[in-house]
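Here's the letter readout for the chains.
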Amino acid sequence: MANQKILTQEEEDKLRQPIEEHVAAIQKKIDALRRDGTDVVVELTNHITLVKEDKNYTKDEQTKLIAEDRKNLEPAKAIEEKNKPEVDRLIAEAEKYLEEHFDSDYYSKVVASCEAQKEKALAGYSARMAELKKEHEKNLSGLTDKQEIKDENYVYKNRQFDASMVRDRELQEIKDRQHEAFTYKYHLIDLLRMSKFTFSQNQAQKRENRKYTFNRRQFITPIVKHTQLLTVSNILNILQQASPRMFFALGVAGLILLTGTDLSIGRMIGMSMVTATIVMHQGINTGAVFGHIFDTTGIPNGARAILALLLCIIFCTCFSSLAGFFMARFKMHPFISTMSNMLIIFGLVTYATKGVSFGAIEQSIPKMFIPKLGTFPTIILWAVAAVAIVWFIWNKTTFGKNLYAVGGNPEAASVSGISVFKVTLGAFIMAGILYGCGAWLECLRMVGSGSAAYGQGWDMDAIAACVVGGVSFTGGIGKISGVVVGVLIFTSLTYSLTILGIDTNLQFVFEGIIILTAVTLDCLKYVQKK
């Protein structure tokens, strides 16, 4: 029954078409009346303001231009005043039509459609949770080993989380659709009134915006949870979560050292998570890539893990090198080259996999490469090794010294015989290798669950960690110790705020304040040097 109420985009557009056409016809008449009056008044008024602010004109030139504009302004104002009653009448006619037809003929039907969509999404979520529970109970019934039971419970929680994320995304899309339908009315009024809304129209928009952005479930959170943050368990959890992120931050730190950046980190993580999960999948893959289902169960688990790592490194290095080549060869801003990378990777992976999540990997693989020694997660040792290797490259090799030289002054470095092209490309290659290793570790940590959407927003976290850690966007300034501190600060902040029950949206506020403070301090040091 609910499905019959759901409108397609074509059906929604068809409902809106008569309203658009009617108001557009009135708008055309209004535009004609404003052409020689209001439009000229606005144009001349803006020009007078610009002339007053333009320091290139002398005082006499300003006076002459302003006098000429004011002379032309008088007849335009006379025409505007003459046409005003007719314009007001046409606006009132259009608004009356919108009041009579917008809600009844269009918006109320969209609301009903959205409610039906919401019911369908919630029903789908309930069905998915029931299916996961049934599958979980079936898997548990055949297990006796405590560790295997623990691993199964962990995978079950991950799948429940994925299902809730899908539900939240669908509900947000429905909410967006209804909000867009509401705001379209005020888009039409905006054109009619030239953004001069009445008091009631302003209030109606404010109410809708508050309703759209308000989340009752997450609005009130306890300030005190009687939670002990500084426990050994929490510290180890923070270090465990920070370990893969350390690789991403170390990779992008080298690019920031060259006054660059990388917006495609998150999408490379998603691509690598999908790749690693497919290769290390528990049994035959249920999802297909370009229509082909992969089966790697004939390969020993250790070899599958190494293969997954190599593929992650190769894919990330290829795409990272591509962005680096355009930056080094054509002097393209890294914002553009890495943003293009981001779009290409996400589009390819989503198209190839149809956006499907590939589930869990073989549970024995994480035990091989990141086992727990008692309560100590050895994934931390991988991060320590990465920090040590990158520190050595930055501080004890010719490439590292050249990296600082090119970042500080590329022209001077080039005159000194340093190949700016090779150094830039080398930094991107090193970043790609680190991204691939970090994403592979994240796949082991999460026991799979790879999807194209995984890692979204991690690029900003990695860049922010570097900035907070003192790696300057002015180039040639930064230490590995600062990167480590930055990653730990952000991971600790997110972990602590989550435990305390702080709204996720407010966590972004705290992160933003920290980034703004760090960058401001860095800019002040640069200004003082100047």
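Residues numbered from 1 in each chain as written. Predicted model: local features only at pLDDT ≥ 70, side-chain atom pairs only at ≥ 80, totals over all residues. Heavy atoms only, no water.

*Asks:* Pulling in residues and values, what's your account of the overall build of the chain?
*Replies:* For the chain, the count of helices and strands is 19 helices and two strands. Expressed as lengths along the three principal axes of its C-alpha atoms, the size of the chain is roughly 85 × 70 × 50 Å. Excluding contacts between residues fewer than 6 apart, the proportion of contacts in the chain whose partners are at least 24 apart in sequence is 80%. Entry remark: accessible area of the chain is about 29,300 Å², with carbon and sulfur atoms responsible for 61%. One finds the centroid of the 59 positive side-chain charges in the chain at a distance of 6 Å from the centroid of its 54 negative side-chain charges. (Helix = DSSP H or I, 4+ residues; strand = E, 2+ residues; numbered from the N terminus. Contact = heavy atoms within 4.5 Å. Areas by Shrake-Rupley, 256 points an atom, 1.4 Å probe, with all protein chains shown as cover. Lys, Arg positive; Asp, Glu negative; His and termini not counted. Charge placed at Lys NZ, Arg CZ, Asp CG, Glu CD.)

*Asks:* Go over the state of the cysteines with me, naming the residues and quoting the values.
*Replies:* Among covalent bonds in proteins, the disulfide is the one between the sulfur atoms of two cysteines. For the structure shown, the criterion picks out zero disulfides. Of all cysteine sulfurs, the one in C312 lies closest to C437, which takes part in no disulfide; the gap is 8.7 Å. What makes C437 buried here is its relative accessible area of 18%. Sulfur of C443: no disulfide; nearest cysteine sulfur belongs to C312 and is 7.2 Å away. (Disulfide = S-S within 2.5 Å. Buried < 20%, exposed > 50% of the residue type's maximum accessible area, 1.4 Å probe, protein only.)

*Asks:* Provide a residue-level description of the nonpolar core, including the pertinent values.
*Replies:* The biggest cluster of nonpolar side chains holds 86 residues, and the ones touching the most others in it are L250, M280, Y435 and W440. Once you skip the residues sitting within four places of it in the chain, L250 turns out to touch A386, V387, V390, L434, I480 and V483. (Core = buried A, V, L, I, M, F, W, Y, C linked by side-chain atoms within 4.5 Å.)

*Asks:* Account for a negative patch on the surface, with residues named and values stated.
*Replies:* Side chains of D31, D36, D39 and E43 sit close together on the surface and give a patch of like negative charge. With respect to the helices, strands and loops of the structure, E43 is situated in helix α3 (residues 38-53). We classify E43 as exposed; its relative accessible area is 55%. (Patch = residues over 30% accessible without salt bridge, like charges linked within 9 Å, V, L, I, M, F, W, Y side chains within 5 Å. Salt bridge = Lys/Arg side-chain N within 4 Å of Asp/Glu carboxyl O.)

*Asks:* Could you give me a rundown of the side chain of Q178, with the residues and numbers involved?
*Replies:* In this structure, Q178 sits in helix α5 (residues 146-193). Of the residues examined, Q178 reaches a relative accessible area of 17% and is grouped as buried. In contact with Q178, not counting residues within four places along its chain, are Y107, V111 and C114.

*Asks:* Which residues make up a nonpolar patch on the surface, and what values do they have?
*Replies:* On the surface, L322, F325, F326, F330 and F421 cluster together into a nonpolar patch covering about 420 Å² of accessible area. A per-element tally of the nonpolar patch places helix α10 (residues 301-330) first, with four residues. Relative to the helices and strands, F326 resides in helix α10. Looking at F326, the relative accessible area reads 30%, which means it is partly exposed.

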